[in-house]
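Residue-level structure breakdown
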Amino acid sequence: MIILGIETSCDDTCVSVIEASGVLQQPRFKVLSNIISSQIKTHAPFGGVMPSLASREHAKNIAPVLKRTLRQSKTKLDNINLIAATTHPGLLPALIIGVESAKTLAWAKNKPIIGVNHLHGHIIANLLPNPKQKTEHKKIKFPAIGLIVSGGHTELVLIKSLNNIKIIGQTRDDAAGECFDKVGRLLGLPYPGGPRVARLAEKGDPDKFNLPRPMINSENLDFSFSGLKTAVLYLIQDLKNQKLQLPIADICASFQKAAVETLVFKTVAAAKKYNAKIVLLGGGVSANKSLRKAINDNIKNLNNVDFLMPPMPYTLDNAAMIAAAGYTKWLGLTLSQKKKADWKNIRAGT
Ligand code: KG4
Ligand code: ZN
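Read on for a plain summary of the structure. These numbers were taken from a predicted model, which means no experiment stands behind them. (Residues numbered from 1 in each chain as written. Chains lettered and ligands numbered in written order. Predicted model: local features only at pLDDT ≥ 70, side-chain atom pairs only at ≥ 80, totals over all residues. Heavy atoms only, no water.)

In this section: the packing of aromatic side chains. Applying the stated criterion across every chain, the model contains three aromatic pairs. Ring centres 6.0 Å apart and planes at 85 degrees place the aromatic pair Phe29 and Tyr327 in the edge-to-face group. Here Phe29 is found in strand 3 (residues 28–38), whereas its partner Tyr327 is found in helix 10 (residues 320–331), with 298 residues between them in sequence. When sorted by exposure, Phe29 lands in the same class as Tyr327, which is buried. Centroid distance Phe223 to Phe225: 6.0 Å. Interplanar angle 15 degrees. Geometry classified as stacked. (Phe/Tyr/Trp six-rings, centres within 6.5 Å; stacked < 30°, edge-to-face > 60°. Helix = DSSP H or I, 4+ residues; strand = E, 2+ residues; numbered from the N terminus. Buried < 20%, exposed > 50% of the residue type's maximum accessible area, 1.4 Å probe, protein only.)

Structure follows, in structure tokens:
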């Protein structure tokens, strides 16, 4: 099956064409093209994503990105079997552009269309092959635990099948990526702070400052990152009051260690509680090398639990993961549901 994926939930205009095969328990994917047009330059002066500007940029970029994607994958719209678009969660003005573009294509070419949950996309991204090994086939087992860490969400999910994903823990305030970005802003780093904080952390001492690991002793699987961010703010204020030069790399490294240890602690607890056979990682923060290593090291210590993570190009927002999640959702539909999967029945925001 050839699937066209469209993703515009935040500040990246993404279109992808993939080839999908196999059953729901073990799907196989080949990415034919995966184009991402970033809007970082547009939003950087504001220190965060401006929804109305994101919408305007998506509207400007979507047709050229679609054209490039089709050309690179050597696919014609007529040969597409299914269109998948992110419907939620995300910024509504941004989502509308992707969903309405997808609907127009589905109407004009009389193709089935399916709405995809962005966070499910981040989970299915684990099954996409590494671009360096095009035919790589990744095996998933159930139950699986997924840690989704993005700019807007931090969730632990229980995955009983690829179409049965339930939230078992989530942040009560800031998302992990948002916390990385805010710490970056406190340190005067340009937007988005996350990757910059991670890069500086590599040169710093992670044990220089003792920062809190919020909710680590709570019984549940929830997170809270706003206290950690505030602790970094107080640390910076304290150092400034003492007229000391800010040891930026040490602050980044100490913050990153606290955030990563908190995420790993809860993920291991979830894997034990639900007797997980495999742990998956997803979302923009899954690009963080320290998190990838720490989860890998800690899951290795558990008996009979495997670990998968998305290949680097599929950690941040992309449409290949949306096309792949569209495939698994399609496989779960009944015949009558498949007949109703047309442009009239899909809406942004739901
Ligand atoms: O999934 P994503 O691309 O977009 C959303 O769905 O939100 O995630 C973006 C988030 C941003 O907060 C960004 O700063 C963070 O992921 N991020 C990182 C790294 N790369 C991206 N955070 C920590 N370390 C990184 N290497
Ligand atoms: Zn995302």
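Picking up after the structure, the text goes on.
Where helix 2 (residues 51–73) meets helix 3 (residues 92–109), the axes come as close as 7 Å, and the angle between the chain directions of the two elements is 30 degrees. Taken together, the axis directions place helix 2 and helix 3 in an arrangement best described as roughly parallel. Considering only the axes of helix 2 and helix 3, their crossing is right-handed. Packed against helix 2, whose contacting residues are Pro51, Ala54, Ser55, His58, Ala59, Ile62 and Leu66, the element helix 3 presents Pro93, Ala94, Ile97, Ser101 and Leu105 at the interface. (Axes fitted to C-alpha atoms, helices over the stretch in contact; angles between N-to-C directions. Parallel < 35°, antiparallel > 145°, perpendicular 65-115°, else oblique. Left-handed = near helix turned anticlockwise from the far one by under 90°. Contact = heavy atoms within 4.5 Å.)

Right, let's get into the nonpolar core. Formed by 48 residues in total, the largest nonpolar core has its most connected members in Phe255, Leu291 and Ile295. Secondary-structure elements contributing two or more residues to this core are strand 6 (144–149), strand 7 (154–161), helix 5 (176–186), helix 6 (193–201), helix 7 (226–241), helix 8 (248–273), strand 9 (278–282) and helix 9 (289–300). Of all the elements, helix 8 adds the most residues to this core, at twelve residues. Non-local contacts of Leu291, meaning those with residues more than four positions away in its chain, are made with Val149, Val260, Leu263, Val264, Leu281, Val285 and Ser286. Counting 37 residues, the second largest nonpolar core, distinct from the first, contains Leu24, Phe142, Leu162 and Leu308. (Core = buried A, V, L, I, M, F, W, Y, C linked by side-chain atoms within 4.5 Å.)

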